[in-house]
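Summary of structural features
As a plain string of letters, each chain reads:
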Amino acid sequence: MITFDNVTKIYEKGQNPAIDHISLNIEKGEFVFIVGNSGSGKTTMIELMLKELSPTSGKITINGHNLNRMRSSRIAKYRRGIGVVFQDFRLLKDRNVYENVAFAQRVIEKPNRIIKKRVPEVLTLVGLATKYRSYPNELSGGEQQRVALARALVNRPDILLADEPTGNLDPKNSAEIMELLEEINMRGTTVVVVTHNREIVNKMKKRVIRLRKGVIVSDEQEGGYIED
Ligand code: ADP
Ligand code: MG
């Protein structure tokens with residue numbers, strides 16, 4: 001589903017690589033944590049997967065697409081096939097919950113009758129069915145992240161990427177978001193979560209890929225969070 005073959009990313013000539021000859025393979029249906037200190041290359045990995053960045057060398061294949069060869073005219077469509085969640089939610093502040101989620105369907109020109117059916121479905125999945133009229137500033141951080149998750153999922157992506165999705169949340173909301181990610185994974189979506197949250201990583205017993213200075217230093221099934 002996700003393959004890195006000897007991938008290196010150097011942002012600026014003379015700098016150390018942000019990602020240094022990384023090879024990895026994530027199968028369809030896996031749930032994977034990527035952990036590591038600040039600056040270890042986690043966000044770079046996510047941006048490479050989204051083709052927001054191109055590798056300096058090496059090959060990336062995602063869901064059958066060779067990203068190195070993808071034409072720029074195809075990139076927007078490719079990205080829409082991947083769900084993404086960020087630490088800072090990135091909701092549209094002037095639109096309510098329903099419209100924030102519906103937006104992701106409107107941009108791909110889904111007919112309104114589909115949107116009307118699908119948006120409540122996905123809001124129910126994240127536990128926000130009753131808040132569809134609320135605006136982001138009327139919601140807690142945990143609720144805002146659920147909206148972001150609903151938006152990421154509304155078009156049924158094969159892959160969900162989350163970059164520090166609980167970075168702005170308290171432990172209770174963090175645990176709830178992670179449970180949702182797990183449920184989404186159990187429904188068949190491949191899930192990759194970048195996180196610093198040691199309690200959650202230790203509790204969930206998933207595959208853990210640990211980066212240090214752009215290099216994979218461990219990759220374990222049912223891994224734990226090891227400090228550097
Ligand atoms: P993490 O998400 O693990 O904190 P990043 O992937 O953001 O790490 O960064 C990895 C390395 O690449 C860091 O040394 C960082 O300073 C560098 N870096 C990230 N983005 C850029 C950029 N746009 N230009 C130059 N260097 C960058
Ligand atoms: Mg980061």
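Above this text you will find the structure in question.
To keep things clear, this report deals only with the structure shown in the data block. (Residues numbered from 1 in each chain as written. Chains lettered and ligands numbered in written order. Predicted model: local features only at pLDDT ≥ 70, side-chain atom pairs only at ≥ 80, totals over all residues. Heavy atoms only, no water.)

1. With respect to the layout of surface pockets
- Of the volumes computed, that of the largest pocket is approximately 510 Å³.
- Listing elements by their share of the lining of the largest pocket, those giving two or more residues are α2 (72-80), β6 (82-86), α3 (97-106) and α5 (141-153).
- With four residues, the single largest contributor to the lining of the largest pocket is β6.
- Across the lining of the largest pocket, the residue classes tally to ten nonpolar, three polar and six charged. (1 Å grid on protein atoms, 1.4 Å probe; cavity = no way out; pocket = protein on both sides within 12 Å on 5 of 7 lines; lining within 4 Å. Points joined across faces, edges and corners; volume = space filled by probe spheres on them. Helix = DSSP H or I, 4+ residues; strand = E, 2+ residues; numbered from the N terminus. Nonpolar A, V, L, I, M, F, W, Y, C, P; charged D, E, K, R; others polar.)

2. Regarding the nonpolar core
- Phe 33, Leu 149 and Leu 181 are the most contacted members of the largest nonpolar core, which has 40 residues in total.
- Contributing elements (two or more residues each) for this core: β3 (31-35), α3, α4 (112-125), α5, β7 (159-163), α6 (171-186), β8 (190-194) and α7 (198-204).
- With six residues, α5 is the largest single contributor of residues to this core.
- Not counting the four nearest positions on each side in its chain, Phe 33 is found in contact with Met 178, Val 193, Thr 195, Ile 200, Val 201, Met 204, Lys 206, Arg 207, Val 208 and Ile 209.
- Grouped together as the second largest cluster of nonpolar side chains are 31 residues, Leu 24, Ile 62, Tyr 78 and Ile 82 included. (Core = buried A, V, L, I, M, F, W, Y, C linked by side-chain atoms within 4.5 Å. Buried < 20%, exposed > 50% of the residue type's maximum accessible area, 1.4 Å probe, protein only. Contact = heavy atoms within 4.5 Å.)

3. Observations regarding the sheet that holds strand β1 (residues 2-9)
- What the four strands build is an open sheet, ordered β2-β1-β4-β5; its pairing is antiparallel. Strands with a single pairing partner mark the edges of an open sheet, and in this sheet they are β2 (19-26) and β5 (65-66).
- Sheet topology note: the β1/strand β4 (residues 57-62) ladder contains five bridges and is antiparallel. Each residue of the ladder has a partner; that of Asp 5, found in β4, is Lys 59.
- With respect to the sheet, helix α1 (residues 42-49) is in contact with β1, β2 and β4, its orientation differing from that of β1 by roughly 120 degrees. (Pairing = 2+ DSSP bridges. Axes fitted to C-alpha atoms, helices over the stretch in contact; angles between N-to-C directions.)

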